[in-house]
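Chains, contacts and geometry: an overview
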Amino acid sequence: MRVVRESRDILSISHLKLAEHRIGVVGRNGSGKSTFARVLCGLIAPDSGTVHVGGTDMIRDRKRAITEIGILFQNPDHQIIFPTVAEEIGFGLAQLGHRKADARTGAQSVLERFGKRHWEDRAIHTLSQGQRHLVCLMAVLVMSPKMIVLDEPFAGLDIPTTAALNRYLAGLDQQIVHITHDPDTLADYDRVLWLEGGLIQMDGPAETVLPAFTQRMEAIDDLSDLTD
Ligand SMILES: Nc1ncnc2c1ncn2[C@@H]1O[C@H](COP(=O)(O)OP(=O)(O)O)[C@@H](O)[C@H]1O
Ligand SMILES: [Mg+2]
(Lines give C-alpha, C1' and ligand atoms only; values in the text may rest on other atoms or scores of the structure.)
(Ligands and ions follow the chains in the order given, each with its own letter.)
Protein backbone atom coordinates (compact mmCIF):
# COMPACT_ATOMS: atom_id res chain seq x y z
CA MET A 1 0.00 0.00 0.00
CA ARG A 2 1.42 3.35 -1.07
CA VAL A 3 0.53 6.95 -0.39
CA VAL A 4 2.31 9.42 -2.62
CA ARG A 5 2.44 13.18 -2.02
CA GLU A 6 4.41 15.62 -4.14
CA SER A 7 5.89 12.63 -6.05
CA ARG A 8 7.30 11.17 -2.83
CA ASP A 9 6.19 7.96 -1.06
CA ILE A 10 5.06 9.16 2.35
CA LEU A 11 3.80 5.69 3.17
CA SER A 12 4.86 2.43 1.57
CA ILE A 13 3.77 -0.83 3.17
CA SER A 14 3.78 -3.99 1.07
CA HIS A 15 1.06 -5.99 2.85
CA LEU A 16 -0.35 -5.70 6.30
CA LYS A 17 -2.95 -7.67 8.20
CA LEU A 18 -4.01 -6.21 11.51
CA ALA A 19 -5.61 -8.94 13.59
CA GLU A 20 -4.17 -8.38 17.08
CA HIS A 21 -6.34 -6.88 19.82
CA ARG A 22 -3.85 -4.19 20.83
CA ILE A 23 -1.51 -2.71 18.22
CA GLY A 24 0.83 0.19 18.91
CA VAL A 25 2.46 2.47 16.34
CA VAL A 26 5.64 4.41 17.06
CA GLY A 27 7.93 6.55 14.95
CA ARG A 28 9.45 10.00 14.71
CA ASN A 29 7.58 13.09 13.57
CA GLY A 30 6.91 12.85 9.85
CA SER A 31 7.40 9.07 9.73
CA GLY A 32 3.92 8.53 8.28
CA LYS A 33 1.92 7.59 11.38
CA SER A 34 -1.01 9.96 10.79
CA THR A 35 -1.11 9.03 7.11
CA PHE A 36 -1.28 5.38 8.15
CA ALA A 37 -4.12 6.15 10.61
CA ARG A 38 -6.08 8.04 7.96
CA VAL A 39 -5.71 5.26 5.39
CA LEU A 40 -6.90 2.70 7.94
CA CYS A 41 -9.98 4.75 8.72
CA GLY A 42 -10.83 5.42 5.12
CA LEU A 43 -10.17 9.16 5.46
CA ILE A 44 -7.63 9.05 2.64
CA ALA A 45 -7.38 6.50 -0.15
CA PRO A 46 -3.93 5.00 -0.83
CA ASP A 47 -2.53 5.51 -4.32
CA SER A 48 -2.11 1.75 -4.64
CA GLY A 49 -2.33 -1.46 -2.66
CA THR A 50 -4.47 -3.18 -0.05
CA VAL A 51 -5.01 -2.99 3.69
CA HIS A 52 -6.87 -5.64 5.67
CA VAL A 53 -8.23 -5.05 9.14
CA GLY A 54 -9.49 -8.27 10.67
CA GLY A 55 -11.56 -9.72 7.85
CA THR A 56 -12.26 -6.46 6.04
CA ASP A 57 -10.42 -5.29 2.96
CA MET A 58 -10.15 -1.62 3.82
CA ILE A 59 -9.72 -0.48 0.23
CA ARG A 60 -12.31 -2.56 -1.60
CA ASP A 61 -14.85 -2.55 1.22
CA ARG A 62 -14.63 1.18 1.80
CA LYS A 63 -18.17 1.69 3.09
CA ARG A 64 -17.84 -0.99 5.71
CA ALA A 65 -14.38 0.26 6.66
CA ILE A 66 -15.69 3.73 7.43
CA THR A 67 -18.48 2.53 9.73
CA GLU A 68 -16.34 -0.11 11.42
CA ILE A 69 -13.52 2.13 12.56
CA GLY A 70 -13.53 5.13 14.87
CA ILE A 71 -10.64 7.57 15.15
CA LEU A 72 -9.50 9.88 17.94
CA PHE A 73 -7.21 12.75 17.03
CA GLN A 74 -4.75 14.65 19.17
CA ASN A 75 -6.93 17.72 19.49
CA PRO A 76 -10.51 16.98 20.59
CA ASP A 77 -11.57 20.42 19.36
CA HIS A 78 -10.80 19.33 15.80
CA GLN A 79 -13.52 16.71 15.98
CA ILE A 80 -16.13 18.29 18.24
CA ILE A 81 -18.81 20.12 16.26
CA PHE A 82 -21.81 20.39 18.59
CA PRO A 83 -22.41 22.67 21.59
CA THR A 84 -23.62 20.01 24.03
CA VAL A 85 -22.30 16.61 25.06
CA ALA A 86 -25.39 14.57 24.14
CA GLU A 87 -25.65 16.16 20.70
CA GLU A 88 -21.99 15.44 20.00
CA ILE A 89 -22.22 11.82 21.11
CA GLY A 90 -25.51 11.24 19.28
CA PHE A 91 -24.39 12.79 15.99
CA GLY A 92 -22.93 9.63 14.44
CA LEU A 93 -26.11 7.67 15.14
CA ALA A 94 -28.24 10.47 13.65
CA GLN A 95 -26.02 10.38 10.57
CA LEU A 96 -26.62 6.66 10.21
CA GLY A 97 -30.33 7.48 10.01
CA HIS A 98 -31.40 6.83 13.59
CA ARG A 99 -34.26 8.98 14.88
CA LYS A 100 -33.31 11.91 17.09
CA ALA A 101 -34.77 10.26 20.20
CA ASP A 102 -32.81 7.06 19.52
CA ALA A 103 -29.61 9.01 19.03
CA ARG A 104 -30.19 10.64 22.42
CA THR A 105 -30.91 7.28 24.08
CA GLY A 106 -27.70 5.93 22.58
CA ALA A 107 -25.78 8.92 23.93
CA GLN A 108 -27.35 8.49 27.35
CA SER A 109 -26.40 4.83 27.57
CA VAL A 110 -22.75 5.47 26.72
CA LEU A 111 -22.67 8.38 29.22
CA GLU A 112 -24.15 6.03 31.83
CA ARG A 113 -21.46 3.46 31.12
CA PHE A 114 -18.75 6.01 31.95
CA GLY A 115 -20.61 7.38 34.99
CA LYS A 116 -21.11 10.72 33.19
CA ARG A 117 -24.87 10.81 32.76
CA HIS A 118 -24.85 14.29 34.40
CA TRP A 119 -22.81 15.59 31.42
CA GLU A 120 -25.70 15.07 29.02
CA ASP A 121 -26.71 18.73 28.65
CA ARG A 122 -23.35 20.23 29.56
CA ALA A 123 -21.90 22.77 27.15
CA ILE A 124 -18.78 21.04 25.82
CA HIS A 125 -16.68 24.20 26.14
CA THR A 126 -17.12 24.05 29.94
CA LEU A 127 -15.31 20.68 30.04
CA SER A 128 -11.56 20.32 30.48
CA GLN A 129 -9.41 19.03 27.61
CA GLY A 130 -9.22 15.57 29.18
CA GLN A 131 -12.99 15.55 29.60
CA ARG A 132 -13.43 16.62 25.97
CA HIS A 133 -11.21 13.70 24.95
CA LEU A 134 -13.52 11.42 26.89
CA VAL A 135 -16.53 12.90 25.04
CA CYS A 136 -14.76 12.10 21.74
CA LEU A 137 -14.10 8.56 22.93
CA MET A 138 -17.77 8.16 23.87
CA ALA A 139 -18.81 9.57 20.47
CA VAL A 140 -16.69 6.86 18.86
CA LEU A 141 -17.95 4.07 21.15
CA VAL A 142 -21.63 4.86 20.60
CA MET A 143 -21.12 3.68 17.02
CA SER A 144 -19.86 0.28 18.25
CA PRO A 145 -16.89 0.21 15.88
CA LYS A 146 -14.81 -2.95 15.68
CA MET A 147 -11.60 -0.96 15.76
CA ILE A 148 -10.52 2.34 17.31
CA VAL A 149 -7.54 4.24 15.93
CA LEU A 150 -5.88 6.71 18.27
CA ASP A 151 -3.58 9.28 16.70
CA GLU A 152 -1.53 10.58 19.64
CA PRO A 153 -4.74 11.57 21.39
CA PHE A 154 -3.29 12.19 24.83
CA ALA A 155 -0.29 14.36 24.03
CA GLY A 156 -0.46 17.43 26.23
CA LEU A 157 -2.63 15.90 28.94
CA ASP A 158 -1.35 15.55 32.49
CA ILE A 159 -0.25 12.17 33.86
CA PRO A 160 -3.35 11.34 35.97
CA THR A 161 -5.75 12.28 33.13
CA THR A 162 -3.75 10.22 30.63
CA ALA A 163 -3.69 7.28 33.05
CA ALA A 164 -7.47 7.50 33.54
CA LEU A 165 -8.12 7.62 29.78
CA ASN A 166 -5.73 4.72 29.23
CA ARG A 167 -7.65 2.74 31.86
CA TYR A 168 -10.87 3.37 29.92
CA LEU A 169 -9.15 2.17 26.76
CA ALA A 170 -7.74 -0.92 28.46
CA GLY A 171 -11.26 -1.98 29.41
CA LEU A 172 -12.63 -1.82 25.85
CA ASP A 173 -13.45 -4.93 23.81
CA GLN A 174 -12.56 -3.16 20.58
CA GLN A 175 -9.40 -3.73 18.62
CA ILE A 176 -7.15 -0.70 19.16
CA VAL A 177 -4.42 0.83 16.99
CA HIS A 178 -2.66 3.38 19.18
CA ILE A 179 -0.15 5.87 17.81
CA THR A 180 1.90 7.37 20.62
CA HIS A 181 5.29 8.81 21.51
CA ASP A 182 5.11 7.15 24.91
CA PRO A 183 6.46 3.57 24.71
CA ASP A 184 5.31 2.85 28.29
CA THR A 185 1.69 3.07 27.15
CA LEU A 186 2.33 0.23 24.70
CA ALA A 187 4.25 -2.09 27.01
CA ASP A 188 1.36 -4.60 27.28
CA TYR A 189 0.37 -4.42 23.60
CA ASP A 190 0.30 -7.54 21.42
CA ARG A 191 2.14 -5.96 18.51
CA VAL A 192 4.00 -2.75 17.75
CA LEU A 193 4.73 -1.23 14.33
CA TRP A 194 7.67 1.14 14.08
CA LEU A 195 7.42 3.47 11.11
CA GLU A 196 10.38 5.34 9.69
CA GLY A 197 10.24 7.43 6.51
CA GLY A 198 6.94 5.87 5.52
CA LEU A 199 8.33 2.33 5.79
CA ILE A 200 7.88 -0.31 8.44
CA GLN A 201 11.21 -0.31 10.24
CA MET A 202 10.16 -3.05 12.64
CA ASP A 203 7.00 -5.05 13.32
CA GLY A 204 6.72 -7.45 16.21
CA PRO A 205 5.85 -7.96 19.86
CA ALA A 206 6.08 -4.91 22.13
CA GLU A 207 8.95 -6.43 24.11
CA THR A 208 11.07 -6.64 20.96
CA VAL A 209 10.13 -3.44 19.12
CA LEU A 210 9.90 -0.94 21.99
CA PRO A 211 13.45 -1.41 23.38
CA ALA A 212 14.89 -1.21 19.84
CA PHE A 213 12.90 1.95 19.13
CA THR A 214 13.82 3.59 22.43
CA GLN A 215 17.49 2.73 21.94
CA ARG A 216 17.48 4.29 18.45
CA MET A 217 15.72 7.43 19.68
CA GLU A 218 18.25 7.83 22.48
CA ALA A 219 21.12 7.39 20.03
CA ILE A 220 19.71 10.20 17.88
CA ASP A 221 19.57 12.38 20.98
CA ASP A 222 23.26 11.64 21.68
CA LEU A 223 24.24 12.67 18.14
CA SER A 224 22.39 15.97 18.32
CA ASP A 225 24.16 16.70 21.60
CA LEU A 226 27.56 16.15 19.97
CA THR A 227 26.81 18.46 17.06
CA ASP A 228 25.82 21.35 19.35
N1 LIG B 1 -1.10 16.19 2.12
C2 LIG B 1 0.23 16.15 2.16
N3 LIG B 1 0.99 16.71 1.20
C4 LIG B 1 2.33 16.65 1.24
N5 LIG B 1 3.02 16.03 2.21
C6 LIG B 1 2.33 15.44 3.18
C7 LIG B 1 0.91 15.46 3.23
N8 LIG B 1 0.50 14.79 4.34
C9 LIG B 1 1.62 14.37 4.94
N10 LIG B 1 2.73 14.76 4.27
C11 LIG B 1 4.12 14.46 4.62
O12 LIG B 1 4.22 13.08 4.82
C13 LIG B 1 5.07 12.74 5.89
C14 LIG B 1 4.34 11.91 6.89
O15 LIG B 1 3.37 12.72 7.54
P16 LIG B 1 2.50 12.19 8.75
O17 LIG B 1 1.79 10.97 8.31
O18 LIG B 1 1.67 13.33 9.24
O19 LIG B 1 3.62 11.80 9.84
P20 LIG B 1 3.52 11.64 11.43
O21 LIG B 1 2.09 11.55 11.81
O22 LIG B 1 4.32 10.40 11.71
O23 LIG B 1 4.20 12.83 12.02
C24 LIG B 1 5.59 14.06 6.42
O25 LIG B 1 6.83 14.31 5.82
C26 LIG B 1 4.55 15.05 5.94
O27 LIG B 1 5.11 16.32 5.79
MG1 LIG C 1 0.93 12.59 13.19
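An account of the accompanying structure is given in this report. Remember, predicted model here, so these are calculated numbers, not experimental data.

Remarks on the sheet that holds strand 10 (residues 191–196)
If you trace the six strands from one edge of the open sheet to the other, you get 7-8-9-4-10-11, paired in mixed fashion. A single partner strand is all that each edge strand has here, and the edge strands are strand 7 (69–72) and strand 11 (199–204). If you compare each strand with its neighbour and ignore which way they point, the axes differ by 15 degrees on average. Examined bridge by bridge, strand 7 and strand 8 (residues 147–151) share four bridges and lie parallel to one another.

Here's the deal with the sheet that holds strand 3 (residues 17–18)
Across the sheet, which stays open at both edges, the three strands sit in the order 3-5-6 with mixed pairing between neighbours. Edge positions in the sheet fall to strand 3 and strand 6 (56–57), since each of these pairs with one other strand and no more. Here strand 3 pairs with strand 5 (residues 52–53) via two bridges, running parallel. Looking at strand 5, one finds that Leu 18 is bridged to Val 53.

Considering the packing of helix 3 (residues 85–95) against helix 5 (residues 129–141)
In contact at an axis separation of 7 Å, helix 3 and helix 5 are set at 30 degrees when each is read in the N-to-C sense. The handedness of the crossing between helix 3 and helix 5 comes out as right-handed. Every residue of helix 5 that contacts helix 3 at Val 85, Glu 88, Ile 89, Phe 91 and Gly 92 is listed here: Val 135, Met 138 and Ala 139. Here the contact of helix 3 with helix 5 is built from residues that sort into six nonpolar, one polar and one charged.

Quick look at the site of ligand 1
Every residue close to ligand 1 is listed here: Arg 5, Glu 6, Ile 10, Gly 27, Asn 29, Gly 30, Ser 31, Gly 32, Lys 33, Ser 34 and Thr 35. The element best represented in the shell around ligand 1 is helix 1 (residues 33–40), accounting for three residues. Taken together, the residues that form the shell around ligand 1 break down as one nonpolar, seven polar and three charged.

Points about the nonpolar core
In this structure, Leu 40, Ile 89, Val 135, Met 138, Val 142, Val 149 and Val 192 are the most contacted members of the largest nonpolar core, which totals 55 residues. Considering each element in turn, this core owes the most residues, eight residues, to helix 5. Those residues in contact with Val 135, other than ones at most four positions away along the chain, are Ile 80, Val 85, Glu 88, Ile 89, Ile 124 and Leu 127.

Regarding the environment of Gly 49
Along the chain, Gly 49 turns up in the loop between helix 1 and strand 5. Taking the C-alpha atoms as reference points, Gly 49 and Ile 13, 36 residues apart in sequence, are found 8.5 Å from one another. Ignoring any residue separated from it by four or fewer positions in sequence, one finds Gly 49 in contact with Met 1 and Arg 2.

Digging into the packing of helix 3 against helix 4 (residues 100–113)
As a packed pair, helix 3 and helix 4 sit with axes 8 Å apart at the nearest point and diverge in direction by 125 degrees. The pairing of helix 3 with helix 4 is recorded here as oblique in orientation. In the crossing of helix 3 with helix 4, the sense of the turn from one axis to the other is right-handed. When helix 3 is examined against helix 4, the residues Ala 86, Ile 89, Gly 90, Leu 93 and Ala 94 are found in contact with a partner set consisting of Lys 100, Asp 102, Ala 103, Arg 104, Gly 106, Ala 107, Val 110 and Leu 111.

Points about helix 1
For helix 1, the buried fraction is high: six of the eight residues fall into the buried class. Within the sequence span of helix 1, burial applies to Lys 33, Ser 34, Phe 36, Ala 37, Val 39 and Leu 40. In the segment just after helix 1, Gly 42 is the residue with positive phi, at about 80 degrees.

Considerations on the pairing of strand 2 (residues 8–12)
Summarising the sheet, strand 1 (residues 2–5) and strand 2 pair through four bridges and their orientation is antiparallel. Pairing of Arg 2 across the sheet is with Ser 12, part of strand 2. Remark: two residues form the turn of the hairpin made by strand 1 and strand 2, two consecutive strands paired antiparallel; Glu 6 in that turn has positive phi of roughly 50 degrees.

Conventions and cut-offs
- Residues numbered from 1 in each chain as written.
- Chains lettered and ligands numbered in written order.
- Predicted model: local features only at pLDDT ≥ 70, side-chain atom pairs only at ≥ 80, totals over all residues.
- Pairing = 2+ DSSP bridges.
- Helix = DSSP H or I, 4+ residues; strand = E, 2+ residues; numbered from the N terminus.
- Axes fitted to C-alpha atoms, helices over the stretch in contact; angles between N-to-C directions.
- Left-handed = near helix turned anticlockwise from the far one by under 90°.
- Contact = placed C-beta atoms within 7 Å.
- Nonpolar A, V, L, I, M, F, W, Y, C, P; charged D, E, K, R; others polar.
- Near = placed C-beta within 6 Å.
- Core = buried A, V, L, I, M, F, W, Y, C linked by C-beta atoms within 7 Å.
- Buried ≥ 20, exposed ≤ 12 C-beta atoms within 10 Å, placed from the backbone.
- Parallel < 35°, antiparallel > 145°, perpendicular 65-115°, else oblique.

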